[in-house]
Amino acid sequence: MSTIAPETALVYVMVTMSAVDSAMSDNELRTIGEIVKHLPAFRNFDTGRLIPIAKECASILQEDGGLDAVFGLVKDALPAQLRETAYALAVEVASADLAVGQEELRLLQILRDALGIEKLIAAAIERGARARYATV
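Described below are features of the structure shown in this document. (Residues numbered from 1 in each chain as written. Predicted model: local features only at pLDDT ≥ 70, side-chain atom pairs only at ≥ 80, totals over all residues. Heavy atoms only, no water.)

1. Notes on the overall build of the protein
For step 1, the next point in the chain: Within the protein one finds seven helices and zero strands.
For step 2, the next point in the chain: Along its sequence from the N terminus, the protein presents helices and strands in the succession α-α-α-α-α-α-α.
For step 3, the next point in the chain: Rg of the C-alpha trace for the protein: 14 Å, near the compact-globule value of 14 Å for 136 residues, within the 12% margin.
For step 4, the next point in the chain: Its C-alpha atoms put the protein at 45 × 30 × 30 Å along the principal axes.
For step 5, the next point in the chain: The buried share of the protein, taken over its 136 residues, is 39%. (Helix = DSSP H or I, 4+ residues; strand = E, 2+ residues; numbered from the N terminus. Rg over C-alpha atoms; globule rule 2.2 N^0.38 Å. Buried < 20%, exposed > 50% of the residue type's maximum accessible area, 1.4 Å probe, protein only.)

Now the structure itself:
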């Protein structure tokens, strides 16, 4: 049995992506909030738990081996049908600032490997985000 709920795991993924560059931007935080409010995966999620869960994740990340611990919890908590969703949410948060840095790209690779996301599926998810966040 998992130690966290699938919704918590999805929040962990988004918080980890937001924190990877040591600066959680307002755009990233707003994106996380909007995702939690509107995505069907969060239909039964109490939005009042978002901040405590985000703080819990941040606390784990600060420990030695924190990233491995978070991604281990995430992998154990997510059923197969939500693993691609988790990757897509990470891409959404990374794209929120309209620029994806090297730290974020590396974290996406680590997440892809941890969740067993196929490269072609990951590329399709990433391409969809590029299309959604394109500017004139």
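2. Examining the packing of helix α1 (residues 6–19) against helix α2 (residues 26–38)
For step 1, the next point in the chain: Look at α1 against α2: their axes get within 10 Å of each other, and the N-to-C directions meet at 170°. Put simply, α1 runs roughly antiparallel to α2. At the point where α1 passes α2, the crossing takes the right-handed sense. Along its contact with α1, which presents Val11, Met14, Val15 and Ser18, the element α2 presents Glu28, Ile32, Ile35 and Val36. (Axes fitted to C-alpha atoms, helices over the stretch in contact; angles between N-to-C directions. Parallel < 35°, antiparallel > 145°, perpendicular 65-115°, else oblique. Left-handed = near helix turned anticlockwise from the far one by under 90°. Contact = heavy atoms within 4.5 Å.)

3. Notes on the pattern of salt bridges
For step 1, the next point in the chain: One pass over the structure, following the stated rule, counts two salt bridges.
For step 2, the next point in the chain: Residues Lys37 and Glu34 are paired through a salt bridge, measuring 3.8 Å at the closest nitrogen-oxygen approach. Residue Lys37 and its partner Glu34 are located together in helix α2, separated by three residues, close to a single helical turn.
For step 3, the next point in the chain: For Lys37, a relative accessible area of 58% translates into the label exposed.
For step 4, the next point in the chain: With a relative accessible area of 37%, Glu34 lands in the partly exposed category.
For step 5, the next point in the chain: Ionic pairing is found between Glu92 and Arg132, a salt bridge with its closest N-O pair at 2.1 Å. Linking Glu92 in helix α5 (residues 80–95) with Arg132 in helix α7 (residues 119–132), this pair joins segments that are 40 residues apart in sequence.
For step 6, the next point in the chain: Among the residues examined, Glu92 registers a relative accessible area of 14% and is labelled buried.
For step 7, the next point in the chain: Accessibility expressed as a relative area gives 51% for Arg132, which makes it exposed. (Salt bridge = Lys/Arg side-chain N within 4 Å of Asp/Glu carboxyl O.)

4. Quick notes on the nonpolar core
For step 1, the next point in the chain: Membership of the largest hydrophobic core comes to 40 residues, with the highest contact counts inside it found for Val11, Tyr12, Met14, Val36, Phe42, Val74 and Tyr87.
For step 2, the next point in the chain: Broken down by secondary-structure element, the contributors of at least two residues to this core are α1, α2, α3 (50–62), α4 (66–77), α5, α6 (102–115) and α7.
For step 3, the next point in the chain: With residues near it in sequence (within four places) discarded, Tyr87 still touches Leu108, Leu111, Arg112, Ile117, Ala122, Ile125 and Glu126. (Core = buried A, V, L, I, M, F, W, Y, C linked by side-chain atoms within 4.5 Å.)

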